[in-house]
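Descriptive analysis of the structure
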Amino acid sequence: MGRARKRWEQALGKLHEGLSKPRCTKRADKVWQRIGRLREKYPRAARHYQIEVETDAQGKLALAVRWQHQPAGNSVVTHPGVYCLRTNMTAWDEQQLWSTYVQLTDLEAVFPSLQQELGLRPVYHSKPERSESHLLLTVMAYQLVQVIRRRLQEAGETASWMTLRRRLTGQQRVTAVFRQQDGRNLHVRKATRAEPGQQAIYDALGVTHSPGGVKKLTVAATRKSQN
């Protein structure tokens, strides 16, 4: 059940339950007005429902609100449409054709991150051999991504590349600076503690939960110049 349809039915159920509670709308005309406002709020879901309001003998007070799901004709529900793929690869079966086609989705999701974070786009080279080297690095980076995803899929992790990146973004490398007794500064750089979702990715890849390890560097403190 879609989110809009679920909320639509919950709103109708709340309206029906209010008929048996004090200080709630019970006049039939007011109930129909509320149903009309709900139809305006959830137009896509409401068009597939038949609503009936049961009233008393005088037709003034509503006793119950009933609804029935009846998909409207010529809609996405009754006519979802057909997705057609055309190819000259006549030797492929349906599964091979579809799996090859959906690789475009992976390309569209992976290459933007490679272009931004690795600086693979735009290409500023003017010589052909440099542009070819740039393209080779792009293909190699994409192959590395595919190796990572294949290993994760073998471990049962089927999330998209964008989802994996967003999940790992929460872990950061931080540097803490400590003043030692001899006046020098100790710089300690390490990764923050991995969350359970991040740990699952690291375990599937067989890598440590603390990427980069712990780096320590002691440097002489700089003196501030006095005027």
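Structure: above.
Here we summarise the structure given alongside this text. (Residues numbered from 1 in each chain as written. Predicted model: local features only at pLDDT ≥ 70, side-chain atom pairs only at ≥ 80, totals over all residues. Heavy atoms only, no water.)

**Quick look at the overall build of the chain**
Worth spelling out the cut-off: Numbering goes from the N terminus for both helices and strands, where a helix is a DSSP run of H or I of at least four residues and a strand is a run of E of at least two. Working definition: with a 1.4 Å probe on protein chains only, accessible area under 20% of the residue-type maximum means buried, over 50% means exposed, and in between means partly exposed.
Across its full length, the chain holds eight helices and five strands. Each helix and strand of the chain, ordered N terminal to C terminal, gives the series α-α-α-β-β-α-α-α-α-β-β-α-β. Reported as C-alpha extents along the three principal axes, the dimensions of the chain are approximately 95 × 65 × 40 Å. Per-residue burial for the chain yields a buried fraction of 22% across its 227 residues.

**What about the pattern of salt bridges?**
Let me state the cut-off plainly: Any carboxyl oxygen of Asp or Glu that lies within 4 Å of a side-chain nitrogen of Lys or Arg is treated as forming a salt bridge with it.
Within this structure, the stated rule accounts for five salt bridges. In this structure, the salt-bridge partner of Arg27 is Asp29, at a minimum N-O distance of 2.7 Å.

**Some thoughts on the pairing of strand E4 (residues 185-191)**
Selection rule: In short, DSSP must find at least two bridges between two strands for them to pair.
With seven bridges joining them, strand E3 (residues 173-179) and E4 adopt antiparallel strand pairing. Within the sheet, the bridge partner assigned to Thr175 lies in E4 and is Arg189. The hairpin turn running from E3 into E4, its antiparallel successor, is five residues long, and Gly183 in that turn takes a positive phi close to 90°. Pairing analysis gives five bridges linking E4 to strand E5 (residues 215-219), with the strands arranged antiparallel.

**Remarks on helix H8 (residues 196-205)**
Operational definition: What the arc describes is the spread of directions from the helix axis to the C-beta atoms. Contacts are assigned to residue pairs with any non-hydrogen atoms lying within 4.5 Å of each other.
Of the positions making up H8, those classed as buried are Gln198, Ile201, Tyr202 and Leu205. End-on, the buried residues of H8 take up no more than an arc of 95°, which puts them together on one face. Every exposed residue of H8 that faces more than 90 degrees away from the buried side is listed here: Pro196 and Asp203. Where the residues of H8 are buried, they touch helix H6 (128-154) and helix H7 (161-168). A positive phi of about 75° marks Gly206, the residue just after H8.

**Quick look at the packing of aromatic side chains**
Definition in use: Two aromatic rings from Phe, Tyr or Trp, using only the six-membered ring of Trp, form a pair when their centres are within 6.5 Å; if the ring planes differ by under 30 degrees the pair is stacked, by over 60 it is edge-to-face, and anything between is tilted.
According to the stated counting rule, one finds two aromatic pairs in the structure shown. Considering the side-chain rings of Trp98 and Tyr101, the 5.7 Å spacing of their centres and the 35° angle between planes classify their relative orientation as tilted. Residue Trp98 and its partner Tyr101 are both found in helix H4 (residues 94-101); the two are separated by three residues, about one turn of the helix. Since its relative accessible area comes to 44%, Trp98 is described here as partly exposed.

**Let's talk about the sheet that holds E5**
Heads up, the condition is: The angle between two axes is taken between their N-to-C directions and runs from 0 to 180 degrees, where each axis is a line fitted to C-alpha atoms and a helix contributes only its stretch in contact.
Strand order in the open sheet formed by three strands is E3-E4-E5, and the pairing between neighbours is antiparallel. Edge positions in the open sheet fall to E3 and E5, since each of these has one partner strand only. Across the sheet, the mean angle from the axis of one strand to that of its neighbour is 20°, orientation sign disregarded.

**Section: a nonpolar patch on the surface**
Test applied: To count toward a patch, a residue needs a relative accessible area over 30% and no salt bridge; like charges are then connected within 9 Å, while nonpolar side chains (Val, Leu, Ile, Met, Phe, Trp, Tyr) are connected within 5 Å. Here the Shrake-Rupley method, with its probe set to 1.4 Å, supplies the accessible areas, and only the displayed protein chains count as covering residues.
On the surface, Tyr83, Leu85, Trp98, Tyr101, Val102 and Leu104 cluster together into a nonpolar patch covering about 560 Å² of accessible area. Inspection of the secondary structure assignment puts Leu85 in the loop between strand E2 (62-69) and H4. The exposure class of Leu85 is partly exposed, given its relative accessible area of 30%.

**Observations concerning a positive patch on the surface**
Stated precisely, the cut-off is as follows: We count Lys and Arg on the positive side and Asp and Glu on the negative side, and we leave His and both chain ends out. In this description, the location of a charge corresponds to atom NZ of lysine, CZ of arginine, CG of aspartate or CD of glutamate.
A surface patch of like charges, here positive, comprises Lys14, Lys21, Lys30, Arg34 and Arg37. Considering each element in turn, the positive patch owes the most residues, three residues, to helix H2 (residues 28-41). Residue placement: Arg37 occurs in helix H2.

**Points about the pairing of E2**
Consecutive residues of a regular strand have side chains that alternate between opposite faces of the sheet. Relative to E2, strand E1 (residues 49-55) is paired through seven bridges, and the arrangement is antiparallel. Bridging across to E2, Val53 finds its partner in Val65.

**Details of the nonpolar core**
Using the following cut-off: Note on terminology: a nonpolar core comprises buried Ala, Val, Leu, Ile, Met, Phe, Trp, Tyr and Cys residues joined through side-chain atoms within 4.5 Å.
Ranked by internal contacts, the top residues of the largest apolar core, which has 16 residues, are Trp8, Val31, Ile35, Leu38, Ile51, Val53 and Val65. Secondary structure elements with two or more residues in this core: helix H1 (3-18), H2, helix H3 (43-46), E1 and E2. Counting residues per element, this core draws most heavily on H1, at four residues. The contact partners of Ile51, leaving out residues within four places of it in the chain, are Trp8, Leu12, Trp32, Ile35, Arg39, Val65, Arg66 and Trp67. If you look at the next biggest cluster of nonpolar residues, it comprises 11 residues, including Val110, Val145, Ala159 and Ile201.

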